[in-house]
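Given next are the chains, with one letter for each unit.
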Amino acid sequence: MSIRKVVIPVAGWGTRSLPASKNVPKEMLPIYNKPAIQYIVEEAMGAGLTDVVLVTNREKRIIEDHFDYNLQLESVLERANKTEMLHQVRAVAEMVNTISIRQKRQLGLGHAVRCAREVVKDAPFGVMLGDDLIFGADAGIGQLVEAMKRFGLPAVGVCEVPRDKVNRYGIVDGEEIAPGIFRVRRLVEKPSVEEAPSNRAIVGRYLLTPDIFSHLDAVQPGKDGEIQLTDALQSLAASRGLLAVSMHGQRYDAGDWVEYLTANIHLALEDKTLHDDLLEKLSALLKSAGRK
Ligand code: UTP
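Conventions adopted
Residues numbered from 1 in each chain as written. Predicted model: local features only at pLDDT ≥ 70, side-chain atom pairs only at ≥ 80, totals over all residues. Heavy atoms only, no water. Helix = DSSP H or I, 4+ residues; strand = E, 2+ residues; numbered from the N terminus. Buried < 20%, exposed > 50% of the residue type's maximum accessible area, 1.4 Å probe, protein only. Contact = heavy atoms within 4.5 Å. Polar contact = N/O pair within 3.5 Å; in protein donor to acceptor, adjacent residues only side chain to side chain. Phe/Tyr/Trp six-rings, centres within 6.5 Å; stacked < 30°, edge-to-face > 60°. Expected span 1.5 Å × (residues − 1). Arc of directions from axis to C-beta. Near = heavy atom within 4 Å. 1 Å grid on protein atoms, 1.4 Å probe; cavity = no way out; pocket = protein on both sides within 12 Å on 5 of 7 lines; lining within 4 Å. Sits in = over half its atoms within 2 Å of the grid points. Nonpolar A, V, L, I, M, F, W, Y, C, P; charged D, E, K, R; others polar. Points joined across faces, edges and corners; volume = space filled by probe spheres on them. Pairing = 2+ DSSP bridges.

**Topic: the environment of D51**
Turning to step 1, where the next piece is worked out: Along the polypeptide, D51 turns up in strand β4 (residues 51-56).
Turning to step 2, where the next piece is worked out: On the accessibility criterion, D51 (6% relative accessible area) is buried.
Turning to step 3, where the next piece is worked out: Remark: the alpha-carbon pair of D51 and S2, spanning 49 residues in sequence, is separated by 12 Å.
Turning to step 4, where the next piece is worked out: If we ignore the near neighbours within four places in the chain, the residues touching D51 are R4, K5, V6, N97 and I99.
Turning to step 5, where the next piece is worked out: Side chain to side chain, D51 and T50 meet in a polar contact 3.4 Å long.
Turning to step 6, where the next piece is worked out: Within polar-contact distance, the side chain of D51 engages the side chain of N97 at 2.6 Å.

See the structure below:
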């Protein structure tokens, strides 16, 4: 069974990232020197997923352009002998096949995934959200591909979150069947601290089977009019079964400014050409911030 397609919904409003995301999609905001979505696509490629299905709206063309050739820029770089940069720019265009689908009305994440039905057809597929950045060798969607191969079940990625933040996430109640792999008993959407069955939160990595679409058809819109993916996952867990896999590596929520900034510093510090200068500036900044 080969899994090739990954759906990346990018049609949301990105209100948490305003005003930066007023005219630039939040997925195009840089994390160090690349737009956030490029890390997502690189992670997908690393897991063998080659066809990216972007669920977009009219404001998001710039994302498709990022994964396409820019011949004018390439010829400028070629003439200037900027060979290394030329290779980098070209490599982004050659990374994956992109297929775009319009979500004409923003009716929630579940609805966005449902828009990809005709493209996904009858094969298992990934879903990745641009807000959740996961850095680390072998971390992320590839873990879900491995889990599906091993147990034959769809899977969601989970991370442990501080108890006082469980009310922001879908929380998993499950039985551990292998180290870091849980069989989901139930999912509780945004529970209070008292109601939460654990602190394992669903983060934006899913590997789904096509029967998710019939579960999505049955989901009633919530109070806000949105069709929630979690509701369909809950009924998928009850009928076919669902795994929750603890993500390795370091996860950052790019929609949260503290985490967004930390992710930038994390990656910039990994660049040897910046490391020492950046550390020096940061230490000076921390010292002066500490004095206030
Ligand atoms: P979020 O719930 O984070 O919504 O969507 P959002 O509007 O993007 O962001 P905030 O919270 O207002 O800052 C989760 C993912 O689902 C996509 C978003 O683009 C995001 O990647 N999405 C959401 C859609 O594609 N369509 C929708 O109708 C809703």
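**A closer look at unusual backbone geometry**
Turning to step 1, where the next piece is worked out: The peptide bond linking L18 to P19 adopts the cis configuration, its omega dihedral lying at 0 degrees.
Turning to step 2, where the next piece is worked out: Phi at Y32 takes a positive value of approximately 55 degrees, unusual for a residue other than glycine.
Turning to step 3, where the next piece is worked out: Positionally, Y32 belongs in the loop between β2 (30-31) and β3 (34-35).

**Considerations on the packing of aromatic side chains**
Turning to step 1, where the next piece is worked out: Summed over all chains, the structure comprises four aromatic pairs.
Turning to step 2, where the next piece is worked out: Between F135 and Y252 the ring centres are 5.9 Å apart and the planes differ by 50 degrees, which places this aromatic pair in the tilted class. Of this pair, F135 sits in strand β7 (residues 132-135) while Y252 is found in strand β13 (residues 250-253), placing the two residues 117 residues apart along the sequence.
Turning to step 3, where the next piece is worked out: Their ring planes at 85 degrees and their centres at 5.4 Å tell us that W257 and Y260 sit as a pair that is edge-to-face. Residue W257 and its partner Y260 are both found in helix α10 (residues 257-270); the two are separated by three residues, about one turn of the helix.
Turning to step 4, where the next piece is worked out: Its relative accessible area of 37% is what places W257 among the partly exposed residues.
Turning to step 5, where the next piece is worked out: With a relative accessible area of 11%, Y260 lands in the buried category.
Turning to step 6, where the next piece is worked out: The structure contains a cluster of three or more aromatic residues connected by ring pairs, namely Y39, F135 and Y252.

**Quick notes on α10**
Turning to step 1, where the next piece is worked out: An ideal rise of 1.5 Å per residue puts 20 Å on 14 residues; α10 measures up with 20 Å between its terminal C-alpha atoms.
Turning to step 2, where the next piece is worked out: Every buried residue belonging to α10 is among Y260, A263, N264, L267 and A268, and all of these are buried. Seen end-on, α10 carries its buried residues on one side only, within an arc spanning 125 degrees. Opposite the buried face of α10, at more than 90 degrees from it, the exposed residues are V258 and E270.

**A closer look at the site of the ligand**
Turning to step 1, where the next piece is worked out: Of all residues adjacent to the ligand, which total 18 residues, the nearest are T15, R16, K26, Q103 and G108.
Turning to step 2, where the next piece is worked out: With respect to the ligand, the backbone of L107 contributes an N or O atom lying 3.3 Å from an oxygen atom.
Turning to step 3, where the next piece is worked out: A molecule is said to occupy a pocket when more than half its atoms come within 2 Å of that pocket's grid points, and by this definition the ligand occupies the largest pocket.
Turning to step 4, where the next piece is worked out: Within the shell around the ligand, the residues separate by chemical class into eight nonpolar, six polar and four charged.

**Topic: empty space enclosed by the protein**
Turning to step 1, where the next piece is worked out: All told, the structure shown has one cavity of 30 Å³ or more when counted by the stated rule.
Turning to step 2, where the next piece is worked out: In this structure, the largest cavity occupies an estimated 70 Å³ of space.
Turning to step 3, where the next piece is worked out: The class makeup of the residues in the lining of the largest cavity is four nonpolar, three polar and three charged.

**With respect to the pairing of strand β6 (residues 125-128)**
Turning to step 1, where the next piece is worked out: The two faces of β6 match: F125 and V127 on one face and G126 and M128 on the other face are all buried.
Turning to step 2, where the next piece is worked out: Summarising the sheet, strand β1 (residues 5-9) and β6 pair through two bridges and their orientation is parallel. The residue of β6 that forms the bridge with V6 is G126.
Turning to step 3, where the next piece is worked out: Here β6 runs beside strand β11 (residues 200-208); their pairing, made up of four bridges, is antiparallel.

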